[in-house]
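# Chain and residue survey
Listed here are the chains, written in short residue letters.
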Amino acid sequence: MRSLSAAAFWRCALLLPFVVAQQDPVVHSLLSSATSSAAISSSAAISSIAATSSSAAISISAGSPSSTTSFTPFPVPSDVPEPPIYPSVNPSNPPDVFESTQILPDFGPAWKAAHAKAKAKIASLSWEGGRCVGNIPAILEGDKTVWPGLCLEDSPLGVRDTDFATGFPAGINAAASFNRRLIRTRGLFMGLEHKHKGVNVALGPMMNMGRLAAGGRNWEGFGADPFLSGEVAYETVLGMQEGGVMACAKHLIGNIMAGVASIMCSYNLVNGTYACENDKVLNDIIKREFGFQGFIMSDWSAQHSTMSAVTGLDMTMPGDITFNSGTSWWGANLTAFVQNGTIPESRLQLSPTNFNAFLPDDDATNDRVDVQDNHYTLVRQLGAASAKDRSIFIVGSDAGPGKSGPNEFSDQGGSDGVLAMGWGSGTANFTYLVHPMFAILQKARHFRSSVSWSLDDFNLQLAEVMARKRTTAIVFISSDSGEDYITVDGNEGDRKNLTAWHGGDNLVQAVAANNNNTIVIVNSVGPLILEPWIEHPNVTAVVWAGLPGTEVGNSITDVLYGAWNPSGRLPYTIAKQPSDYGTAVTLGGDNVHILSIPYTEGLNIDYRHFDTFNITPRFEFGFGLSYTTFKYSNLIVSKIPIQATPAEQPLISAWEKGNATLIGEGSSRQLWLHRPAYQATFKVKNTGHVFGGEIPQLYINFPASSGEPPSVLKGFTDVEISPGDTASVTITVSRYDLSIWDVVHQGWRKPDGTIGVTIGASSRDSRLKGTIKI
């Protein structure tokens with residue numbers, strides 16, 4: 001809801017803090033020499049899909065056109081289920097996460113059944129205010145309610161504007177886990193909590209690409225890589241809808257192959273036409289090419305004309321032209337357009353809520369239903385802890401509680417304690433918030449450690465004195481951002497810079513100058529420039545905690561005390577200087593003049609930009625350290641032997657010859673294009689002394705003539721290995737993964753030349769290389 005950030009124009013569509021820097025990577029923990037074998041397991045999943053048009057979009061007038069229009073809804077794509085690869089699936093019972101890379105769910109039969117039920121119920125839907133951020137009223141027949149209506153509610157990390165609900169780790173942390181099982185579970189738990197609060201449509205996941213390092217809402221989404229974002233969105237949607245709530249993928253341009261119920265179009269113009277009015281995008285690409293069967297809703301007040309009814313928009317939110325104006329582009333206007341023949345009449349197809357998002361203190365409309373269950377265990381899930389005796393100094397306001405509790409600021413629009421989520425509509429209230437100082441004190445008590453602290457960010461002299469002669473000094477720094485309807489310390493949504501807030505750089509330097517074992521904990525919405533202190537010899541480790549949610553203190557403490565061997569990876573690149581990113585926030589624009597933002601970087605954002613222009617980052621995309629080490633070996637790249645159907649064989653042969661696919665109904669989501677077609681099999685050995693998890697990543701190296709970046713992520717998985725043991729790992733790719741978009745022929749095709757494969761531990765940590773033989 002209410003996103004004014006630039007949409008990411010891509011054809012593609014956790015939870016845990018992790019270590020990005022430490023002097024000795026083969027240590028058991030940062031505060032202890034003992035670790036447990038608690039860990040997380042998962043397997044891999046198919047990517048999600050999104051689309052943007054390479055041709056110009058059609059401009060839409062806000063007024064009545066001079067001629068009538070026709071409208072024919074696109075049918076459900078006539079795919080034939082092919083168990084076990086392409087089974088018929090109901091959203092409430094998705095494939096197991098361990099099958100994600102091998103199964104493409106067919107939601108066609110479920111859509112057909114849903115459409116049949118819907119037609120009987122949507123003869124006369126309208127809009128009215130209600131308890132949720134978006135509402136469609138109930139349908140009455142006399143005194144009987146025949147349909148209870150719809151409640152649409154934020155947010156992508158929990159139920160917004162209510163109590164007794166979990167504040168889950170932000171989307172950016174979900175992506176950082178690279179762990180499909182935890183991501184799916186996070187989605188499931190969020191879906192359950194929305195359902196039990198009476199929400200019908202949860203406005204998430206947020207899938208915007210992290211094109212701008214300082215983008216205010218990046219933390220709501222899944223990072224800067226289209227494949228990673230697609231994978232996390234896919235698992236999140238499957239989990240949410242299994243929990244019993246309709247998910248809403250936002251913000252269009254974007255569509256995923258997870259049976260998502262709805263998509264939210266954005267405020268932006270696409271090739272000069274508003275996203276929510278764009279016939280090419282909404283109808284031709286999303287509903288025809290991708291065969292999308294759900295409904296497309298506007299972002300709040302992102303509709304600009306009555307004619308959006310035939311250009312692809314299915315639902316307008318919140319219903320009026322401006323908030324609480326009582327006016328509507330539809331309503332009487334739409335009726336008039338139908339009556340005069342401008343819009344065909346066939347186009348008009350349009351659990352009690354127990355909270356009130358607008359009046360959270362009203363006891364008459366808030367039932368105080370506790371939906372948290374044991375979901376805190378997922379938020380914290382890092383394993384048990386163990387540590388040695390020592391003296392610890394904790395410093396920085398980010399280590400402690402807010403001055404007036406965890407919900408001190410409306411929509412989290414402020415920062416004076418530990419940062420566990422950004423601000424804006426993508427937030428939730430905290431039922432509780434475990435701050436790091438409390439969690440460390442609880443742990444230190446068991447080991448008779450001496451702990452002192454200062455939560456004053458700017459009393460550097462005190463920090464210097466207290467840091468001396470302590471075994472360990474832990475400095476907490478942060479950086480916040482959010483939606484632009486809230487301004488915090490001059491940051492109007494987007495960040496003004498990429499430096500730590502509250503004088504964090506100076507605080508680290510002051511402490512490190514007086515303590516030779518300084519650990520820096522970073523709670524940040526996105527990348528920070530760490531150059532002022534990252535090379536300091538006394539900075540022995542950096543734990544990148546991101547935005548871990550309500551269990552932030554416990555999460556960080558479990559890593560510090562060695563209970564969890566960190567396996568998270570950066571979902572974006574940390575640069576040495578802001579200009580290295582190649583993109584920056586574009587300022588200007590107002591309610592009258594439209595701000596033009598040319599996407600001249602093309603595919604080269606984040607690590608793709610760094611690779612293309614040979615820029616050395618501080619920490620690259622996909623990077624993360626562990627308390628153990630791993631060795632990769634024995635790469636074999638091969639074609640998966642699958643017998644194609646007679647209908648598929650000509651399409652596969654044409655693709656193998658380099659011909660572009662033909663665009664038709666559901667053409668970009670065809671089974672032969674997305675089914676695993678090639679595989680990379682290799683071995684990973686734990687060469688260290690403790691149990692740990694590794695995140696092998698597969699990058700495709702397209703030929704230079706393709707116009708693609710030098711290296712693009714197309715697969716990943718996670719493995720857990722005991723010391724000295726070796727695991728066999730397989731990562732699959734599809735023909736879609738190996739395709740490029742042919743602008744001339746408007747289809748997917750295999751590029752000319754050799755396609756390389758790199759297996760590594762990050763985008764720049766290449767361990768194995770091979771080629772794909774078509």
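Description of the structure in this document. (Residues numbered from 1 in each chain as written. Predicted model: local features only at pLDDT ≥ 70, side-chain atom pairs only at ≥ 80, totals over all residues. Heavy atoms only, no water.)

Our next topic: the overall build of the protein. Looking only at helices and strands, the protein has 14 helices and 29 strands in total. Going through the 774 residues of the protein one by one, you find that 61% of them count as buried. Here the protein displays about 28,000 Å² of accessible surface, and carbon together with sulfur accounts for 52% of that area. (Helix = DSSP H or I, 4+ residues; strand = E, 2+ residues; numbered from the N terminus. Buried < 20%, exposed > 50% of the residue type's maximum accessible area, 1.4 Å probe, protein only. Areas by Shrake-Rupley, 256 points an atom, 1.4 Å probe, with all protein chains shown as cover.)

Now for helix H5 (residues 279–289). Owing to its 3.6 residues per turn, the α-helix aligns residues three or four sequence positions apart on the same side. H5 sits mainly inside the fold: 9 of its 11 residues count as buried. For H5, every residue scored as buried is listed here: Lys280, Val281, Leu282, Asn283, Asp284, Ile285, Ile286, Lys287 and Glu289. Each element contacted by the buried residues of H5 is listed here: strand E7 (246–252), strand E8 (262–265), strand E9 (269–270), strand E11 (295–298), strand E26 (740–742) and strand E27 (747–749). Measuring from the backbone nitrogen of Lys280 back to the side-chain oxygen at the start of H5 gives 3.3 Å, which picks out Asn278 as the cap. Gly291 lies just past H5 and shows a positive phi near 60°. (Contact = heavy atoms within 4.5 Å. Polar contact = N/O pair within 3.5 Å; in protein donor to acceptor, adjacent residues only side chain to side chain.)

Moving on, we come to unusual backbone geometry. Omega for the bond connecting Lys250 with His251 falls within 30 degrees of zero, at 5°, which places this linkage in the cis form. Looking at the secondary structure, you find His251 in strand E7. With an omega of 0°, the peptide bond between Met317 and Pro318 qualifies as cis. Inspection of the secondary structure assignment puts Pro318 in the loop between E11 and helix H6 (332–339). Positive phi outside glycine occurs at Asn614, with the angle close to 55°. Here Asn614 lies in the loop between helix H12 (607–612) and strand E19 (630–639). A residue is classified by how much of its surface remains accessible, and Asn614, at 65% relative accessible area, is exposed.

For the rest of this paragraph, the subject is the pattern of salt bridges. By the definition in use, this model includes 22 salt bridges. Arg160 serves as the salt-bridge partner of Asp154, at 2.9 Å between the closest nitrogen and oxygen. For the pair shown, Asp154 and Arg160 are each scored as buried. Between Asp314 and Lys287 there is a salt bridge, with the nearest N and O atoms lying 3.0 Å from each other. On the criterion of sequence distance, the pair formed by Asp314 in the loop between E11 and H6 and Lys287 in helix H5 is long-range, its members being 27 residues apart. Comparing Asp314 with Lys287 shows no difference in burial state: the two are buried. Three or more residues joined by partner-sharing salt bridges are found here, namely Asp154, Arg160, Asp161, Lys250 and Asp411. (Salt bridge = Lys/Arg side-chain N within 4 Å of Asp/Glu carboxyl O.)

So, about the packing of aromatic side chains. In total, this model carries 12 aromatic pairs according to the counting rule given. Members of the aromatic cluster, connected to one another through ring pairs, are Phe178, Phe227, Tyr607, Phe621, Tyr699 and Phe716. The lysine or arginine in question, Arg180, covers the ring of Phe716, its NZ or CZ lying 3.9 Å from the ring centre. The lysine or arginine in question, Arg211, covers the ring of Tyr599, its NZ or CZ lying 4.2 Å from the ring centre. (Phe/Tyr/Trp six-rings, centres within 6.5 Å; stacked < 30°, edge-to-face > 60°. Lys NZ or Arg CZ within 6 Å of the ring centre and 35° of its normal.)

This next bit is on the sheet that holds E19. Taking strand neighbours across the sheet as the criterion, the 3 strands line up as E19-E20-E25 in an open arrangement whose pairing is antiparallel. At either margin of the open sheet sits one strand with a lone partner, and together these are E19 and strand E25 (726–734). Within this sheet the neighbouring strands show an average axis-to-axis angle of 20°, counted without direction. Where strand E20 (residues 676–686) and E25 come together, 9 bridges link them in antiparallel fashion. Counterpart to Val684 in the pairing with E25 is Ala727. (Pairing = 2+ DSSP bridges. Axes fitted to C-alpha atoms, helices over the stretch in contact; angles between N-to-C directions.)

Let's shift gears to the packing of helix H9 (residues 460–467) against helix H10 (residues 504–512). For any two helices packed against each other, the geometry comes down to the angle between their axes and how far apart the axes lie. Between H9 and H10, the shortest axis-to-axis distance is 8 Å and the interhelical angle comes to 35°. Taken as a pair, H9 and H10 cross one another with a handedness that is right-handed. Residues Leu460, Ala463, Glu464 and Ala467 of H9 lie in contact with H10, whose contacting residues are Asn506, Leu507, Ala510 and Val511. Residues belonging to the contact of H9 with H10 are distributed by class as follows: 6 nonpolar, 1 polar and 1 charged. (Left-handed = near helix turned anticlockwise from the far one by under 90°. Nonpolar A, V, L, I, M, F, W, Y, C, P; charged D, E, K, R; others polar.)

Turning next to the state of the cysteines. Under the definition given, this model contains 2 disulfides. Two residues, Cys132 and Cys151, share a disulfide whose sulfurs are 2.0 Å apart. On the sign convention where negative is left-handed, the bridge of Cys132 and Cys151, at about -100° about the S-S bond, is left-handed. With Cys132 in the loop between helix H1 (108–119) and strand E2 (134–136) and Cys151 in strand E5 (residues 150–153), the pair connects residues that are 19 residues apart, well separated along the chain. Assigned by exposure class, Cys132 and Cys151 land together as buried. (Disulfide = S-S within 2.5 Å.)

A separate point is the environment of Gly167. Looking at the secondary structure, you find Gly167 in the loop between E5 and helix H2 (171–177). Distance from Gly167 to Ser155, taken between C-alpha atoms, is 9.9 Å for residues 12 residues apart in sequence.

Membership of the largest hydrophobic core comes to 104 residues, with the highest contact counts inside it found for Leu152, Leu203, Ile296, Met297, Trp300 and Ile700. Take this core: its biggest share by element is 8 residues, from helix H4 (residues 226–242). In this structure, Ala428, Met437, Ala512 and Val690 belong to the second largest nonpolar core, which totals 64 residues. (Core = buried A, V, L, I, M, F, W, Y, C linked by side-chain atoms within 4.5 Å.)

In this section: the sheet that holds strand E6 (residues 201–202). Strand order in the open sheet formed by 6 strands is E2-E5-E6-E7-E8-E11, with mixed pairing between adjacent strands. Two strands bound the open sheet, and with one partner strand each, they are E2 and E11.

With respect to the secondary-structure elements, Pro703 resides in the loop between strand E22 (697–701) and strand E23 (712–716). Taking relative accessible area as the criterion, Pro703 reaches 12% and is therefore assigned buried. Sequence separation between Pro703 and Thr754 is 51 residues; the distance between their C-alpha atoms is 5.9 Å. Contact partners of Pro703, with chain neighbours within four places excluded, come to Pro751, Asp752, Gly753, Thr754 and Ile755.

In short, the description is geometric, and any link to function would need to be established separately.
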